[in-house]
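Coordinate analysis (summary)
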Amino acid sequence: MSKGLTCVDEASKNQQAFIYGIHTLWRDTYVCEAYIGSNDGQLYRLFYDFDVRGGMDTTGKHDWYVEEVCDAISIEEQIRVPHYMNHIVDSGCRRLDD
């Protein structure tokens, strides 16, 4: 397991603050995804897709942003596709605007 993932795993288990994320070009769009843990044990997932249709639209009309609160996260070594943050598995996530 990478040093960054080990840090996230330990921090989430001990209810310590952390931020772990990626920004990547994935097929035909830019994607940002981050997990945030607060000192009180809350876990959040933020996800942004620059253009959900593909095609690298620059108008911002086809972007997608999601904020979620999660019950738990865990780390796995197996890479999962098409999930962007391949090594983090979340559970019990709910959109904050629901």
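Just above, that's the structure.
Chains are numbered independently. Their residues run from 1 in the order of the written sequence. For a predicted model such as this one, the threshold for reporting local features is a pLDDT of at least 70, and the threshold for listing and counting side-chain atom pairs is 80 or more; totals across whole chains, interfaces and linings nevertheless cover every residue. Working from all heavy atoms in the structure, the side-chain values ignore hydrogens and water.

Let's talk about the overall build of the chain
A count of helices and strands for the chain gives one helix and seven strands. Traced from its N-terminal end to its C-terminal end, the chain shows the element sequence α-β-β-β-β-β-β-β. Categorising residues by exposure relies on relative accessible area from a 1.4 Å probe, with only protein chains included: less than 20% of the type maximum marks a residue as buried, more than 50% marks it as exposed, and the intermediate range marks it as partly exposed. Counting all 98 residues of the chain, 29% fall into the buried class. Any two residues whose heavy atoms approach within 4.5 Å at even a single point are treated as in contact. Considering only intrachain contacts with a sequence separation of at least 6, the fraction spanning at least 24 residues in the chain is 37%. Method for areas: the Shrake-Rupley scheme with a 1.4 Å probe, in which residue coverage is limited to the protein chains shown. If you sum the accessible surface of the chain, you get close to 6,200 Å²; carbon and sulfur atoms cover 51% of it. Think of it this way: any DSSP run of H or I at least four residues long counts as a helix, any run of E at least two long counts as a strand, and we number them from the N terminus.

Side note on the state of the cysteines
Think of a disulfide as a covalent bridge from one cysteine sulfur atom to another cysteine sulfur atom. By convention in this document, the label disulfide applies to cysteine sulfur atom pairs within 2.5 Å. Summed over all chains, the structure comprises one disulfide. Paired through a disulfide, Cys 70 and Cys 93 show a sulfur-sulfur distance of 2.0 Å. Between Cys 70 and Cys 93 the disulfide shows an S-S torsion of about 105°. By sign, it is right-handed. Note that Cys 70 is positioned in strand 4 (residues 64–70) and Cys 93 in the loop between strand 6 (88–91) and strand 7 (94–95), a separation of 23 residues in sequence. By relative accessible area, Cys 70 is classed as buried at 4%. For Cys 93, a relative accessible area of 24% gives the class partly exposed.

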